[in-house]
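Residue-level listing of the chains:
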Amino acid sequence: MSNVELIIEERAANIGNFMVGRLLPFRQKRAVGPFVFIDHMGPVKLNDRENMDVLPHPHIGLSTLTYLFEGSIMHRDSIGSEIEIKPGAINWMTAGKGVVHSERTPDYLRNSEKILHGLQIWVALPKELEETEPAFTHIAEDEIPRWEENGIHFKLIAGEAFGKKSPVPVHSPLYFIEIKNTHPQDIEIGDMLYGESALYILEGSIFSDGNNYGPKQILIAKDTKLCAFEMTENSTVYIFGGQPFPEQRFIDWNFVSSDKERLKQAKEDWLNQRFPKVPGEVDFVPYPKA
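Residues numbered from 1 in each chain as written. Predicted model: local features only at pLDDT ≥ 70, side-chain atom pairs only at ≥ 80, totals over all residues. Heavy atoms only, no water.

(A) Structural detail: the side chain of arginine 249. With respect to the element layout, arginine 249 can be found in the loop between strand 23 (236-242) and strand 24 (250-252). Accessibility expressed as a relative area gives 13% for arginine 249, which makes it buried. At a separation of 3.4 Å, a polar atom in the side chain of arginine 249 contacts the side chain of glutamate 130. Among the polar contacts listed, one links the side chain of arginine 249 to the side chain of glutamate 247, at a separation of 3.0 Å. Sequence-distant contacts of arginine 249, that is, excluding residues within four places in its chain, are made with Ala124, Leu125, Pro126, Lys127, Glu130, Val256, Ser257 and Ser258. (Helix = DSSP H or I, 4+ residues; strand = E, 2+ residues; numbered from the N terminus. Buried < 20%, exposed > 50% of the residue type's maximum accessible area, 1.4 Å probe, protein only. Polar contact = N/O pair within 3.5 Å; in protein donor to acceptor, adjacent residues only side chain to side chain. Contact = heavy atoms within 4.5 Å.)

(B) The layout of surface pockets, seen in detail. Estimated volume of the second largest pocket: approximately 320 Å³. Taken together, 16 residues line the second largest pocket, and the ones lying closest to its centre are Arg30, Ala31, Val36, Gln248 and Arg249. (1 Å grid on protein atoms, 1.4 Å probe; cavity = no way out; pocket = protein on both sides within 12 Å on 5 of 7 lines; lining within 4 Å. Points joined across faces, edges and corners; volume = space filled by probe spheres on them.)

(C) View of the pattern of salt bridges. Applying the stated rule across the entire model yields 16 salt bridges. Its salt-bridge partner being aspartate 53, residue arginine 110 comes within 2.7 Å of it at the nearest N-O pair. Placement of the pair is arginine 110 in the loop between strand 10 (99-104) and strand 11 (114-124) and aspartate 53 in strand 5 (residues 53-59), with a sequence separation of 57 residues. Among the salt bridges present, the one from arginine 104 reaches glutamate 281, with a minimum N-O distance of 2.9 Å. In this pair, arginine 104 sits in strand 10 while glutamate 281 sits in the segment after helix 1 (260-271), placing the two residues 177 residues apart along the sequence. You'll find arginine 104 and glutamate 281 in the same group, each marked buried. The structure contains a network of salt bridges with shared partners spanning Asp53, Arg104, Arg110 and Glu281. (Salt bridge = Lys/Arg side-chain N within 4 Å of Asp/Glu carboxyl O.)

(D) Structural view of the nonpolar core. Among the nonpolar cores identified, the biggest contains 30 residues, and Phe176, Ile218 and Phe240 are the most heavily contacted of them. Discounting residues that sit within four places of it in the chain, phenylalanine 240 has contacts with Leu24, Val32, Phe35, Ile38, Tyr175, Phe176, Glu196, Ser197, Ala198, Tyr200 and Ile218. Judged by nonpolar contacts, the second largest core, of 23 residues, contains Ile152, Leu156, Tyr175 and Ile239. (Core = buried A, V, L, I, M, F, W, Y, C linked by side-chain atoms within 4.5 Å.)

(E) A look at the sheet that holds strand 7 (residues 73-77). The antiparallel open sheet is built from four strands, whose spatial order is 5-10-7-8. Pairing within the sheet leaves two strands with one partner each, and these edge strands are strand 5 and strand 8 (82-85). Shown here is a sheet whose adjacent strand axes are inclined to one another by a mean of 20 degrees, direction ignored. Sheet topology note: the strand 7/strand 8 ladder contains four bridges and is antiparallel. If you follow histidine 75 over to strand 8, its bridge partner there is isoleucine 83. (Pairing = 2+ DSSP bridges. Axes fitted to C-alpha atoms, helices over the stretch in contact; angles between N-to-C directions.)

(F) Quick look at the environment of glutamine 273. Position of glutamine 273 relative to the elements: it lies in the segment after helix 1. Spatially, the C-alpha atom of glutamine 273 lies 9.7 Å from that of phenylalanine 284, the residues being 11 residues apart in sequence. Here lysine 277 takes part through its side chain, which lies 2.8 Å from a polar atom of the side chain of glutamine 273.

(G) A look at empty space enclosed by the protein. In the structure shown here, the tally under the stated rule is two cavities of 30 Å³ or more. Lining the largest cavity are 14 residues, and of these Asn3, Val4, Leu199, Ala221 and Cys227 lie nearest its centre. Of all the secondary-structure elements, those providing two or more residues to the lining of the largest cavity are strand 18 (196-203), strand 19 (206-208), strand 21 (217-221) and strand 22 (228-231). Residue classes in the lining of the largest cavity are distributed as 11 nonpolar, three polar and no charged. (Nonpolar A, V, L, I, M, F, W, Y, C, P; charged D, E, K, R; others polar.)

(H) Seen up close, the sheet that holds strand 17 (residues 185-188). Sheet architecture is open: four strands sit in the order 17-22-19-20, paired in antiparallel fashion. Two strands close off the open sheet at either side, each with one partner strand: strand 17 and strand 20 (211-213). Along the sheet, successive strands turn relative to each other by an average axial angle of 30 degrees, direction set aside. Relative to strand 22, strand 19 runs antiparallel, the two being bridged by two bridges. Its bridge partner lying in strand 22, isoleucine 206 is registered against methionine 231.

(I) Region of interest: unusual backbone geometry. Between leucine 24 and the following residue, proline 25, the backbone shows a cis peptide bond with an omega angle of 0 degrees. Relative to the helices and strands, proline 25 is located in the loop between strand 3 (19-24) and strand 4 (35-46). Proline 43 follows glycine 42 through a cis peptide bond whose omega is 5 degrees. Checked against the element boundaries, proline 43 lands in strand 4. One non-glycine residue, phenylalanine 162, adopts positive backbone phi at about 60 degrees. Inspection of the secondary structure assignment puts phenylalanine 162 in the loop between strand 14 (152-161) and strand 15 (164-165). The exposure class assigned to phenylalanine 162 is buried, which follows from its relative accessible area of 16%. At asparagine 234, a residue that is not glycine, the phi angle is positive and equals roughly 55 degrees. We classify asparagine 234 as partly exposed; its relative accessible area is 48%.

Don't take any of this as a statement about function, it's just geometry.
Put into structure tokens, the structure is as follows:
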């Protein structure tokens, strides 16, 4: 019997002047553990007149995780953070009661050709931390736990699994794991996982229960403990999940909360520009019209 409960295909979405592939949320699956939103950016080649410019926009009730495969993004936020994220590093921003940030092509790359490719992820906060103070952490690539077993390369980007712990300061039990290989390999890691679990195929393909699955798909597991599959050569997959929350999470635009009234308040606060400002930024993303 197949352990794949649901297959989610990447869907095109516009985030301003930039197209992405949306993976979560999905109408049949709003979250996997605490993960409530995943966008696959690119890969896209931008010429010397094209740049990523996501203007200042707000968040509440979540943490964002930005992870690049190629390219570079300059992050600025209302906490005062200003840092360039490069491939392999991690930006982890906890919005809590409210934060505003922008994401742009760094100045030194704006007049040259560049490639941008990566993942942007939202992780919901436990109910008791939804109104926590905003915080930002940048984790360098060499700080991320990585290891090799039988020619399989693992990286624990966030959370806890395999008896290891990432330095990313997560707020609930979760995991975000990268697995790469060069030769066909059987993977059996169910005993290392917990809660809800899903698998995202970035490149290559996997075989599971007689079925072949390819890139730009998320496979939702029926039973995390039965997580076993075969990776074809030169494949890269991401396993993510963790303990789900007892309360449902609601999303309105860039806001996440267990309380619909809190979402309405966040909307009103943004419409009236009551959120904190990003130093050096004057423009902002307006709340979308219905």
